[in-house]
Amino acid sequence: MVDVCILCISEKEVAPSNIIAGSLVWVEDPEVAWIDGEVKEVNGEEITINCTSEKTVVAKISNVYPKDPEFPSCGVDDMTKLAYLHEPGVLQNLRCQFDINEIYTYTGNILIAVNPFRRLPHLYDNHMMAQYNGAALGELSPHPFAVADSAYRQMINEGISQAILVSGESGAGKTESTKMLMCYLAYMGGRANKAEERSVEQKVLESNPVLEAFGNAKTVRNNNSSRFGKFVEIQFDQRGRISGAAIRTYLLERSRVCQVSDPERNYHCFYMLCGAPPEDVEKYKLGNPQTFHYLNQSNCYELDGVDDSKEYLATRRAMDVVGISQAEQDGIFRVVAAILHLGNVEFAKGQETDAAEPKDDKSRFHLKTAAELFMCDEKSLEDSLCKRVIVTRDESITKTLDPDAAAVSRDALAKIVYSKLFDWLVEKINISISQDPESKFLIGVLDIYGFESFKTNSFEQFCINLTNEKLQQHFNQHVFKMEQEEYKKEEIEWSYIEFIDNQDILDLIEKKPGGIVALLDEACMFPRSTHETFAQKLYQTFKDHRRFSKPKLARTDFTICHYAGDVTYQTELFLDKNKDYVVPEHQALLGASECSFVSSLFPPLPEESSKSSKFSSIGSRFKQQLQALLETLSATEPHYIRCIKPNNALKPAIFENSNVLQQLRCGGVMEAIRISCAGFPSRKVFCEFIGRFAILAPEVLHGSYNEVTACKRILEKSNLSGYQIGKTKVFLRAGQMAELDACRSEVLGRSASVIQRKVRTYLGRKHFILLRLSSIKIQALCRGQVARHQYERMRREAACLNIQKHSRKFLVRKAYKNLYFSAVSIQAGMHGMTARNELLFRKKTRAATVIQSQCRRFLASLHYLRLKKAAITTQCAWREKVARSELRKLKMAAKETGALQEAKSKLEKQVEELTWRLQLEKRMRVDLEESKNQENARLQSTLHKMQLEFLETKELLIKEREAAKNIAEQVPVIQEVPVIDDELMNKLTAENEQLKALVSSLEQKIDETERKYEETNKLSEERLKQALEAESKIIELKIAMQRLEEKILDIETEDQILRQQALLSAPSRKMSEHLSIGTSAPLLNGHHAQLSSGPSKRFGREDGKIRRSNIERQQENVDALIKCVTQYLGFSQEKPVAAFTIYKCLLHWRSFEAERSSVFDRLIQMIGSALEDQDNNDHMAYWLSNTSALLFLLQCSLKASGSSAAPKPPAPTSFFSRMTQSFRSSSANLPVGVVCQVEAKYPALLFKQQLTAYVEKIYGIIRDNLKKDLSPLISCCIQVPRTSKGTAFKTSEESQGDSSPASHWQSIIESLNKLLCTFKENFVPPILAQKIFTQIFAYINMQLFNSLLLRRECCTFSNGEYVKSGLAELELWCAQAKEEYAGSSWDELKHTRQAVGFLVIHQKSRISYDDITNDLCTVLSIQQLYRVCTLYRDDNYKSVSPDVISSMKLLMTDDSEDDGGSSFLLDDDSSIPFSVEDVTGSPQVKEFSDVKPAAELIENPDFQFLQE
């Protein structure tokens, strides 16, 4: 133990020794703890300070702390980087970090977590875990994942178990931090389990809702406060995989079950059960929480935003997940309900003296209900509460209890039952999790309550603060150890550093004998002891102890001076809460319960323990648990997370300085700072130290000094002593940083005076020169002005005469022009109107004519088209019907192969008959046409003659009538003499009748002739139609006959081949007369097609041999192909030879049309074995070229069966027939090149799908190989190599060997060029190369951009210039590679380009938010912009204005509420960004007609078809 005076010395050393006017300092303030200001006046030991809050404060020099004038506006992520490590500096840094939503900060290797009181899911997703995987502590921004990763790496590398201690007061976020740690450990060490099997880490996380329901409650400071300590052991095997876990709990707050302060709540499970579904409420006879004594002691029954009914169902589901059966769940809630009913049992005095009994019927109802729920006897339960059995040596004595003692017994039963229930839950969860007894290492996560100090502090706060005292001692030792290790690492000279220890407080509390806990146990052992006697015993024992005191005006309270401050405890309930025993009556009663679950909570005690009367207390048992915990922690390597609650209102964006400062003291952070101050609190990296204090020794910037000698030179000129220079840092004693800053300020002040003097001289001389020049200019101007006035007067006189002359001329000319223009305008208007009228009339006339002609033409054309369409439709329908019937007949005929000759002869006869009939029809048609024409001509001539005669007769009759009329007019009417010439009249009448009869007969003949003409036309049309149908039928029959001839030719060819093989196999036999045999030709798929060319039974054995030889021969061909293409065949005409050879063979063997085939499986197996060497990009590119080319050929050739609309004849079934047909149709079916369309069967389509998968796999292998090569280079490219100002000195690394900063970027360019050359050499389709480079650039963008957002040191102006130069190299590469291969790769870097463009802007403070979002950084989100702006720090260029930061913060808060807080980091895209159509549609694909196949196969006679 070290005396407190050491702290005083340290604090005095921290206090500044040379404060001058103009210095920036911190001074205490009762409202905001510390406030900054500028020293205005120094009067001895007192100084006057103008604060930033516009008030003036007078303070002593010893009570102020210096403020760093170069403190970054956004703070630092590690407080050991602070120039001044003191309370106000730490507080200011935490506040600056909190204002920019940076809730995590390091203090060395201690993580400080400030609760933001809102969800930030983007900080905890899987992508963020991947970023921290393998990153050194401090390399990225502070995060719990970094602490967890550091613990995991140390465990794996050093083989030492680890512990992570999470502490903080209620509401600081300890439980959430613990969850994040377990999630990360599960991410690092999780196993790949079966689909339905839950992993160990999942079970641990799933147990949280159950433990929170039964162990958490609402307190004054937190709505979900853990009222127990929890140590989660994550167990690992030798490979670093999670193999088991265990949960240890400490000091459940039992007293809360019976006693609740307002406005707190009891444990959550009680309220959940009261809000359960109606059937459960009725089952357990519950109701409103206000009706239960254990719940209505507080007025708080509900929590904001929490539905107890939903939480009840969620807890039930969590129990199912953990493995608690329905029967066990029923027993759990039976016990919870029984405790509530037990609390409503009240007692009154009974009939006997000092006897208690239930007060009324209500109490008896609750007693009966509790007995029913416990499934025990009601009378026995009543006796156990109201009586005690005292066992003596001779007999047992039953003693009655008074009402108060009975109530205490009731509460004791409720507390012990709830405690047993909680222990059972923890044990059940541990069984479900399954511990690993063979585990080699573990990582423990301790989630324990922080230091507590309330208005009323009872036994629970006493035990909690004892725990924190123990952990603080462990923490101090760890910090001291880390401090000494830092000194060893830097190899500086150091001696043992003394620090404040709290062992005296621990001795005061737990020392045996004579400690507070021992005295409390002693008081509990005596029945007559009370809290007054206990308090008096404490006063007498510790009256001289400096850590113990008695408050004024308090009779039973006592105060302990803890490391975090003084806490006053009330002893009223200390004795009751410390007693830890099970009443034998309660043990016997519940142990005999008919409910197996209740009886299992109270197993029978061992005989020794039941007979022994050894006293047990909560305090002693807690000391044992605490000692076991510390032993476990001592055996592990500790890591610390200190959780801070920024405000008591539990609201976001509120930072209360006093509250946070108190928590820093309670959390031991200030103790760690004091330990650092006892040694070397100020430490700076060489480059930072030189950059800040090089002005004290300017020669170090111009000489050949390295970093170490430069730092020594600066310190020597500053006349400092006691400092140390390590390997990478300068270590300064407390107060020396302030001295250096004072010297720096003095030098800057002198420099400012010199600068001011020179500037004033320059300005004075400049003013004099300006005055002299001005006077000379004024004189010259005056003389010039007088001369100009005289000249102007003369010029005006001459100008007046000219103006008058030209004015008169202008007025006369204007009048003439007006008249002339008017006359011309009138004439032109009249002429134009006349011409327009004439033109309009002509247009109307012409338009009417055009409309009439077009209308007539349209009507005639429409009528013609309708007739033509109807005729074509009728013809098509009839031809289709006839063709279908003939097709059916042909199909029926084609099935019988043996009847081919008969069908041929029959068809020939039909053709001859139809030909003869056609000729006959043609002759008849010609004769009919001739007779019809003759008859028509005769009828026409007769009709013409009759018409002429009729016209002549008609003319004669008219002439006679006119002559008669003329004669009648010429005869004078003198006398009427009746003259009648009967003969003439009769003759005329007879002729008239004859003429009429002749006309009627002629009309009849004309009608009859027209009718015959129409009938003849109809008959001729029908015969013409029949002739056309016969002609089409003849054509179809010819086609069918041609097909039959082809089939016969196939059979004959097959016969010839079989004959030749038979003759070769048996040359001694003469088989020419027996060659009409039936055999089956082998196909590629292993089946045989039956060929019948005549019955034969003599050569069955020979057929089998021939069949086997064909199969073996085909198998040998496949083997030869596989063997050939496995080798490197190279390229021909920029096309892969292997792919072309495979395609030609498959096409020739007609494998695409086979129902079964093994060649595809062989090829897929061959490609898979060729991809074993995945690290060789040249090899992968060769096969990518081959597989993509083969896929292109298949895509162009294959079509699924039934895809063609037009019906086709059945495909040949035999191997030879397919070969013959392919030879015949090759010239007709193939387009330019070698690709032809075939109907693919299932094996071919499956082969195409497998080939597509291999193309995607090879693509992914090449892409991932390049990513693997570029990853270390990119990590070096994100930050400019660290150098000091100028080129005056070199670092120790640079002195050994120089490396250009651009070498890493050049390495990236070389990797890209190497892959590009590989693609070009192997003729990889440019579309695939383009996609690979696009994804690679997206990967580079993701890595660079995420590093900018995660590393504060990367967001600087110089680093932006460095990255910008590298991006220029990449842009140049894209231009050289051309769009054919680079594509849109440059566009993928848009995030990094815009972020870097923002970093290298000089005047950031003048940029508005709209300028940033609309012009500079259009693709960045609000979160990303905010992150870049807040992380940016540079000594020469300021960041954006606070108004812009505020606007971003407001918008970011709104966006996070809308989208749930999306991540600001970019994700890596590992998808396949192309389809088969992209490969086949590549513009680089050319015809394969000039490609030369493999030379090795051409020499084989079976592969001669490759040369065709």
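Residues numbered from 1 in each chain as written. Predicted model: local features only at pLDDT ≥ 70, side-chain atom pairs only at ≥ 80, totals over all residues. Heavy atoms only, no water.

Description of the overall build of the protein
Inference 1: A count of helical and extended segments in the protein gives 46 helices and 30 strands.
Inference 2: For the protein, the proportion of its 1508 residues judged to be buried stands at 46%.
Inference 3: Taking contacts inside the protein between residues at least 6 apart in sequence as the whole, the part at least 24 apart equals 72%. (Helix = DSSP H or I, 4+ residues; strand = E, 2+ residues; numbered from the N terminus. Buried < 20%, exposed > 50% of the residue type's maximum accessible area, 1.4 Å probe, protein only. Contact = heavy atoms within 4.5 Å.)

Here's the deal with a negative patch on the surface
Inference 1: Together, Glu1003, Asp1007, Glu1010 and Glu1014 make up a region of like negative charge exposed at the surface.
Inference 2: In this structure, aspartate 1007 sits in helix α30 (residues 982–1065). (Patch = residues over 30% accessible without salt bridge, like charges linked within 9 Å, V, L, I, M, F, W, Y side chains within 5 Å. Areas by Shrake-Rupley, 256 points an atom, 1.4 Å probe, with all protein chains shown as cover. Salt bridge = Lys/Arg side-chain N within 4 Å of Asp/Glu carboxyl O. Lys, Arg positive; Asp, Glu negative; His and termini not counted. Charge placed at Lys NZ, Arg CZ, Asp CG, Glu CD.)

Some thoughts on unusual backbone geometry
Inference 1: Of the consecutive residues aspartate 262 and proline 263, the connecting peptide bond is found in the cis state with omega at 10°.
Inference 2: Structurally, proline 263 can be placed in the loop between β12 (242–250) and α8 (268–274).
Inference 3: Along the chain, lysine 512 connects to proline 513 via a cis peptide bond; the corresponding omega equals -15°.
Inference 4: Structurally, the position occupied by proline 513 is in the loop between α16 (503–510) and α17 (516–525).
Inference 5: Its identity is not glycine, yet alanine 653 carries a phi of approximately 65°, on the positive side.
Inference 6: Along the polypeptide, alanine 653 turns up in the loop between β21 (637–644) and α24 (657–666).

As for the packing of helix α32 (residues 1137–1148) against helix α34 (residues 1177–1197)
Inference 1: Packing of α32 against α34 brings their axes to within 8 Å, and their N-to-C directions diverge by 35°. The handedness of the crossing between α32 and α34 is right-handed. Residues Ala1138, Ala1139, Phe1140, Ile1142 and Tyr1143 of α32 lie in contact with α34, whose contacting residues are Tyr1182, Asn1186, Ala1189, Leu1190, Leu1193, Leu1194 and Ser1197.
Inference 2: Tallied by class, the residues present in the contact of α32 with α34 amount to 10 nonpolar, 2 polar and no charged. (Axes fitted to C-alpha atoms, helices over the stretch in contact; angles between N-to-C directions. Left-handed = near helix turned anticlockwise from the far one by under 90°. Nonpolar A, V, L, I, M, F, W, Y, C, P; charged D, E, K, R; others polar.)

Examining the pattern of salt bridges
Inference 1: Scanning all chains against the criterion turns up 39 salt bridges.
Inference 2: One salt bridge in this structure joins glutamate 233 and arginine 248, with 3.5 Å as the shortest N-O distance. Placement of the pair is glutamate 233 in strand β11 (residues 229–236) and arginine 248 in strand β12, with a sequence separation of 15 residues.
Inference 3: For glutamate 792, the salt bridge identified is with arginine 795, shortest N-O distance 3.3 Å.

Remarks on helix α13 (residues 378–386)
Inference 1: Among the residues of α13, those classed as buried are Leu381, Glu382, Ser384, Leu385 and Cys386.
Inference 2: Sitting at the head of α13, aspartate 377 places a side-chain oxygen 3.2 Å from the backbone nitrogen of lysine 379. (Polar contact = N/O pair within 3.5 Å; in protein donor to acceptor, adjacent residues only side chain to side chain.)

Overview of the sheet that holds strand β17 (residues 441–447)
Inference 1: Reading across from one edge, β6-β7-β21-β8-β17-β11-β12 is the order of the 7 strands in this open sheet, with mixed pairing throughout. The sheet is open, and its two borders are formed by β6 (104–107) and β12, each paired with just one other strand. Strand-to-strand twist of the sheet, defined as the mean angle between neighbouring strand axes without regard to direction, takes the value 20°.
Inference 2: Judged from the 8 bridges that link them, β11 and β12 form a sheet pairing that is antiparallel. Within β12, the position partnered with phenylalanine 236 by the bridge is isoleucine 242. (Pairing = 2+ DSSP bridges.)

Some remarks on a nonpolar patch on the surface
Inference 1: Taken together, Ile755, Val759, Tyr762 and Leu763 make up a surface patch of nonpolar side chains, about 400 Å² in accessible area.
Inference 2: Looking at where leucine 763 falls in the secondary structure, it is placed in helix α28 (residues 736–895).

Some points on the sheet that holds strand β23 (residues 724–725)
Inference 1: Strand order in the open sheet made by the 3 strands is β22-β24-β23, with antiparallel pairing throughout. The open sheet is flanked by β22 (682–685) and β23, the only strands paired with a single partner.
Inference 2: Against the sheet, helix α26 (residues 686–693) makes contact with β22, β23 and β24 (729–732), and its axis sits at roughly 100° relative to β22, the strand it touches most.

Some details on the packing of aromatic side chains
Inference 1: Within this structure, the stated rule accounts for 38 aromatic pairs.
Inference 2: With centroids separated by 4.8 Å and ring planes inclined at 80°, the aromatic side chains of tryptophan 424 and phenylalanine 597 adopt a geometry described as edge-to-face. In this pair, tryptophan 424 sits in helix α14 (residues 403–433) while phenylalanine 597 sits in helix α21 (residues 596–601), placing the two residues 173 residues apart along the sequence. Across the pair, phenylalanine 597 and tryptophan 424 agree in class, each one buried.
Inference 3: Here the aromatic cluster, defined as three or more aromatic residues joined through ring pairs, consists of Phe459, Phe462, Phe534, Phe542, Phe548, Phe558, Tyr569 and Phe574.
Inference 4: When the ring centre of tryptophan 26 is taken as reference, the NZ or CZ atom of lysine 67 above it lies at 5.5 Å.
Inference 5: One Lys or Arg, arginine 642, reaches over the ring of phenylalanine 475 and ends 4.4 Å from the middle of that ring. (Phe/Tyr/Trp six-rings, centres within 6.5 Å; stacked < 30°, edge-to-face > 60°. Lys NZ or Arg CZ within 6 Å of the ring centre and 35° of its normal.)

Thoughts on the environment of valine 660
Inference 1: Note on placement: valine 660 falls in helix α24.
Inference 2: The class for valine 660 is buried, based on a relative accessible area of 0%.
Inference 3: The spatial distance from the C-alpha of valine 660 to the C-alpha of alanine 33 is 9.8 Å, given a sequence separation of 627 residues.
Inference 4: Beyond its immediate sequence surroundings of up to four residues, valine 660 is in contact with Leu91, Leu94, Ile644, Lys645, Pro646 and Phe655.

Brief notes about the confidence of the model for the protein
Inference 1: In the predicted model, the protein carries a mean pLDDT of 80, and 84% of its residues have values of at least 70.
Inference 2: Below a pLDDT of 50 lies the segment residues 1203–1233, which in the model reaches 42 contacts outside its immediate sequence neighbourhood of four places, other chains included. (pLDDT = per-residue confidence, 0-100.)

Some words on the packing of helix α2 (residues 87–99) against α24
Inference 1: Remark: α2 packs on α24, axes separated minimally by 11 Å, with the N-to-C direction vectors making an angle of 115°. Crossing hand, α2 versus α24: right-handed. Residue-level contacts link Glu87, Val90, Leu91, Leu94 and Arg95 of α2 to Asn657, Val660, Leu661, Leu664 and Arg665 of α24.
Inference 2: Classifying every residue of the contact of α2 with α24 by side-chain character gives 6 nonpolar, 1 polar and 3 charged.

Let's talk about the nonpolar core
Inference 1: Counting 236 residues, the largest nonpolar core has Phe214, Phe270, Phe1152, Ile1308, Leu1370 and Trp1373 as its most contacted members.
Inference 2: Ignoring anything within four residues of it in the chain, the contact list for phenylalanine 214 reads Tyr267, Cys269, Thr315, Met319, Ile332, Phe333, Val336, Tyr418, Leu421, Phe422 and Leu425.
Inference 3: Among the nonpolar cores identified, the runner-up in size contains 50 residues, and Ile509, Val517, Val567 and Cys666 belong to it. (Core = buried A, V, L, I, M, F, W, Y, C linked by side-chain atoms within 4.5 Å.)

Details of the pairing of β17
Inference 1: Extensive coverage of β17 is indicated by the burial of 7 of its 7 residues.
Inference 2: Covered by surrounding structure in β17 are Phe441, Ile443, Val445 and Asp447 together with Leu442, Gly444 and Leu446, the residues of both alternating faces.
Inference 3: Bridge count for strand β8 (residues 162–167) against β17 is 5 bridges, and the pairing is parallel. For glutamine 162, the partnering residue across the bridge sits in β17 and is isoleucine 443.
Inference 4: In this sheet, β17 lies alongside β11 in antiparallel orientation, the contact comprising 7 bridges. Along β17, the bridge assignment pairs phenylalanine 231 with leucine 446.

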